[in-house]
Amino acid sequence: MGMTRVFAAAAIMAAGTTGALAQDRVVNVYNWSDYIDDEILADFTEETGIEVVYDVYDSNEMLETRLLAGGSGYDVVVPTTSFMARQIEAGVYQKLDKSKLPNLENMWDLITERVAVFDPENAYSVNYMWGTNGIGYNVDMVKERLGLETVDSWSVVFDPENAEKLADCGIHFLDSPAEIFPAMLAYLGLDPTSSDPEDIAQAEEALMEIRPYVQKFHSSEYINALANGDICLAIGYSGDVFQARDRAAEADAGVEVGYAIPKEGTEMWFDQLVIPADAPNVDEAHEFINYLMQPEVIAKASNYVYYANGNEASQEFLVEDVISDPAIYPPAEAQETMFTKTPYDARTNRLVTRAWTRVKTGQ
Amino acid sequence: MGAARKWLVIAVPYLWLLVFFLVPFFIVFKISFSTTALSIPPYTPVFEFTEGVAGLVDKARQLTLDNYLWLTQDPLYLRSYLSSVWIAFVSTLLTLLIGYPLAYGMARASRSLRPLLVMLVILPFWTSFLIRVYAWIGILRREGLLNQLLTWLGVIDAPLTIINTNTAVYIGIVYSYLPFMVLPLYAALERMDESLIEAAQDLGCTRLQAFWKITFPLSLPGVVAGSMLVFIPAVGEFVIPDLLGGSETLMIGKTLWVEFFSNRDWPVASAVASILLLILVVPIVLFQHQQSRQSEDGR
């Protein structure tokens, strides 16, 4: 993750911890970096008298390791669904007391139902933000090399001919087999959620053909690299690509970053608010989650971070830039091609991990 | 009384070693014989001292060698170890080639200038290691300072791809570890008696012969110490290959990170770490052996 993020994280941490002594009621929140409008935290404290101790991380892996080690001391954390499903099984979280969450009525059924694949009956979690995996690209470089005005298909990178043409300006992939294999399966016209060894082998073979053209497998560096114009294409998370797009626009150095949701279908992800099983301040955690489900509050967060949220009532408060951007709130027909995938079972996970190692190392 | 005090003096460093090295290592070592599980912590069995001896024995039976077998079955691990050792070896050689003339120049500089030169070598440590490695991204990237400079000088037409390759990893390691090579070399060269060289030249040696016959052998302890200080941490390096390396870069630090964080496989990660320690212990023991032989020689 970029240095600016780390600095921002440190600043927020410093701001969050000072003054916590004066208040008795505290909620310890552990969220992604750059993922909230700080005003929301101040407003919450003003309204409820509960001090927010806010701490940030930059990867699901980091969060998971802390939770699995036990005794993290956090009251609210925000894992992504693919990780959360396993963590629920491991007994990391506690069930929500829905009588303390009257604002649940504001939530968007479409999102809540999709999340239920990971969290049966939505017993443990409430949606914070959601998005897609897709293609972040440098508009000028891709146009120059492939002659494409807009990108709308995985073929721009999964077709070896295209990948070869883009190799000189740099291609980055997420270092995550659980994201890349389903995408490749979707491109090949197979079931993206498949765990059939033959399908996995077919996807591996196709990935083998394009790997010589991939400069790096890394799950966060592409944000800076896209923004600086160092690479021309990355398979990444929608929100990260939007960040790269915004930074490139701010820097005004002639780099234009685009984001494409491939028409063959792509994975949706959901960042969920959950309470760890050993949370010290359970009541305050519920109050905080309930506060975030107020339409105006979560709209403020979306307007700030440019991610879609799972709160239907908030949509009237969203600025035009957010609600009308098809990359953030995809139209209904695009939503139909999107899929959700539960984590691989242990055996398939080994299989996929091994295949991924062969792809990354080229043998 | 005297004996008790002597024991106390010896006990402190050994206690330190026990608490901060051996105990943590045995925890890791124990996890390397466990099996992954969906629980907190994510492996089984977990030893509880409340279970009594029978319970502990029962759990000890659940320990398994599977993780070590797994390491031999997947060529990834062997290739990661070999590639790490190779990258560390080449980097050590490069730091030696660059560091030796540097240290030699420092040791031959006038006495009043030397503290300043030592200061300059230490100066980079005042900035965070992470930030210095990030700075190299800025220097080496396609539109970075180096490519701009070379293009401006007319040396190249199209920007060189250095970032995200093994070349960038070598640059990063050599840059970061150079002070660890220079300082012990400087210490060895600086305390050398210059009259030895004069004597050699009086006896008919050319300057070059005097260097190879007198200076270099006398600086060998510095060469060994510097090489160890570079080689050992470079083998397990994670930050530099992660930030500067590309898809071709295979190092054990990254492989271990992936096992631990991405695959949530603490037992296999622990096995990888245990083997890594074994690989590193060999040069450390050799180093110790050489050191103790030196002190026996009465230097």
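Residues numbered from 1 in each chain as written. Chains lettered and ligands numbered in written order. Predicted model: local features only at pLDDT ≥ 70, side-chain atom pairs only at ≥ 80, totals over all residues. Heavy atoms only, no water.

Here we come to the interface of chain B and chain A. Contacts between the two partners involve 34 residues from chain B, matched on the other side by 38 residues from chain A. Taken together, the two surfaces of chain B and chain A that pack against each other cover about 3200 Å², and 51% of this comes from carbon and sulfur. Of all residues in chain B, Leu-38, Ser-247 and Arg-264 of chain B bury the most surface against chain A, accounting for 22% of the area lost on that side. Where chain B packs against chain A, one counts three salt bridges. Here Arg-354 of chain A ties to Asp-74 of chain B by a salt bridge, and the two come within 3.5 Å at their closest N and O atoms. In this assembly, chain B and chain A are joined by 12 residue pairs in polar contact (both at pLDDT 80 or more). When grouped by side-chain class, the residues that make up the side of chain B that touches chain A number 16 nonpolar, nine polar and nine charged. (Contact = heavy atoms within 4.5 Å. Buried area = accessible area lost by both parts, 1.4 Å probe. Salt bridge = Lys/Arg side-chain N within 4 Å of Asp/Glu carboxyl O. Polar contact = N/O pair within 3.5 Å; in protein donor to acceptor, adjacent residues only side chain to side chain. Nonpolar A, V, L, I, M, F, W, Y, C, P; charged D, E, K, R; others polar.)

This brings us to the side chain of Thr-165 of chain B. All names here are of chain B. You can see Thr-165 is positioned in the loop between helix H7 (145–153) and helix H8 (166–190). In this structure Thr-165 comes out as buried when scored by relative accessible area, which is 15%. At a separation of 2.5 Å, a polar atom in the side chain of Thr-165 contacts the main-chain carbonyl oxygen of Ile-162. Here Thr-165 is in contact with Leu-244, Gly-245, Gly-246, Glu-248 and Thr-249, once residues within four sequence places are set aside. (Helix = DSSP H or I, 4+ residues; strand = E, 2+ residues; numbered from the N terminus. Buried < 20%, exposed > 50% of the residue type's maximum accessible area, 1.4 Å probe, protein only.)

Attention now goes to the domain arrangement of chain A. Residue and element names in this part refer to chain A. Taken domain by domain, chain A holds domain 1 (3–124 + 269–329) and domain 2 (132–267 + 339–361). Taken over C-alpha atoms, the centre of domain 1 sits 27 Å from the centre of domain 2. With 18 residues of domain 1 at the interface, the matching set in domain 2 holds 20 residues. Buried area between domain 1 and domain 2, both sides added, is near 1500 Å², and the carbon and sulfur share of it is 52%. The interface formed by domain 1 and domain 2 includes one salt bridge. Linking domain 1 to domain 2 there are one residue pair in polar contact (both at pLDDT 80 or more). Looking at the side of domain 1 that touches domain 2, the elements with two or more residues in it are helix H1 (3–17), helix H4 (81–89) and strand E9 (268–273). (Domains from an automatic or database assignment.)

A few words on the confidence of the model for chain B. On average, chain B scores 89 in pLDDT, and the residues at 70 or more come to 98%. Ranking the helices and strands of chain B by mean pLDDT puts H8 of chain B first, with 96, and helix H2 (residues 52–60) of chain B last, with 81. (pLDDT = per-residue confidence, 0-100.)

For the coordinates displayed, the defined rule picks out two cavities of 30 Å³ or more. In this structure, the largest cavity encloses a volume near 400 Å³. Every residue lining the largest cavity is counted, 29 residues in all, and those nearest its centre are Asp-175 and Lys-360 of chain A together with Leu-76, Leu-250 and Val-258 of chain B. Elements that contribute at least two residues to the lining of the largest cavity include exactly strand E6 (216–217) and helix H17 (346–361) of chain A together with helix H4 (75–108), helix H11 (239–244) and helix H12 (252–262) of chain B. (1 Å grid on protein atoms, 1.4 Å probe; cavity = no way out; pocket = protein on both sides within 12 Å on 5 of 7 lines; lining within 4 Å. Points joined across faces, edges and corners; volume = space filled by probe spheres on them.)

With that settled, the discussion passes to the pattern of salt bridges. All names here are of chain A. Here the structure, examined in full by the defined rule, presents 18 salt bridges over all chains. The salt bridge involving Arg-245 is made with Asp-325; its shortest N-O contact spans 3.6 Å. Taken together, the residues span a long stretch of sequence, with Arg-245 in helix H12 (residues 238–251) and Asp-325 in the loop between helix H15 (320–323) and helix H16 (332–337) at a distance of 80 residues. A relative accessible area of 23% means that Arg-245 is categorised as partly exposed. A single network of salt bridges, built from pairs that share partners, joins Arg-25, Glu-284 and Glu-287.

What we call a disulfide is simply a covalent bond connecting the sulfur atoms of a pair of cysteines. All names here are of chain A. Taken as a whole and judged by the stated rule, the model has one disulfide over all chains. What pairs with Cys-169 in a disulfide is Cys-232, and their sulfur atoms sit 2.1 Å apart. Handedness here is read from the sign of the S-S torsion; for Cys-169 and Cys-232, about 70°, the answer is right-handed. Of this pair, Cys-169 sits in the loop between helix H8 (160–166) and strand E5 (171–173) while Cys-232 sits in the loop between helix H11 (221–228) and strand E7 (233–237), placing them 63 residues apart in sequence. Owing to a relative accessible area of 0%, Cys-169 belongs among the buried residues under this scheme. On the accessibility criterion, Cys-232 (0% relative accessible area) is buried. (Disulfide = S-S within 2.5 Å.)

This part is about the sheet that holds strand E1 (residues 26–32) of chain A. Residues and elements named next belong to chain A. Here we have three strands laid out as an open sheet, ordered E2-E1-E3, and parallel in their pairing. Where the open sheet ends on each side, the last strands, each with one partner, are strand E2 (51–57) and strand E3 (76–77). Sheet analysis places E1 next to E3, joined by two bridges and oriented parallel. Bridge pairing in E3 links Val-29 to Val-76. Along the sheet face, helix H3 (residues 60–69) touches E1, E2 and E3 and points at about 140° away from the line of E1. (Pairing = 2+ DSSP bridges. Axes fitted to C-alpha atoms, helices over the stretch in contact; angles between N-to-C directions.)

Moving on, we get to the nonpolar core. Among the nonpolar cores identified, the biggest contains 122 residues, and Tyr-128, Phe-158, Phe-173 and Leu-207 of chain A are the most heavily contacted of them. Here this core takes six residues from strand E4 (residues 126–138) of chain A, the largest share from any one element. If you count residues domain by domain, this core takes at least three from each of domain 1 (3–124 + 269–329) and domain 2 (132–267 + 339–361) of chain A. Setting aside residues no more than four positions away along its own chain, Phe-173 of chain A makes contact with Val-157, Phe-158, Ile-180, Leu-207, Ile-210, Val-214, Lys-216, Phe-217, His-218 and Ile-235 of chain A. In terms of nonpolar packing, the next biggest core, distinct from the first, is built from 53 residues, Tyr-81, Tyr-134, Val-169 and Leu-189 of chain B among them. (Core = buried A, V, L, I, M, F, W, Y, C linked by side-chain atoms within 4.5 Å.)

The next point concerns the packing of H4 of chain B against helix H10 (residues 207–235) of chain B. Residue and element names in this part refer to chain B. Two numbers describe how H4 lies on H10: the axes approach to 9 Å, and their chain directions differ by 135°. With respect to H10, the axis of H4 lies oblique. As H4 runs across H10, the sense of the crossing is right-handed. Facing H4, whose interface residues are Ser-84, Val-85, Ala-88, Phe-89, Thr-92, Thr-95, Leu-96, Tyr-100, Tyr-104 and Arg-108, H10 presents Phe-211, Thr-215, Phe-216, Ser-219, Val-223, Ser-227, Val-230, Phe-231, Ala-234 and Val-235. Broken down by class, the residue content of the contact of H4 with H10 amounts to 13 nonpolar, six polar and one charged. (Parallel < 35°, antiparallel > 145°, perpendicular 65-115°, else oblique. Left-handed = near helix turned anticlockwise from the far one by under 90°.)

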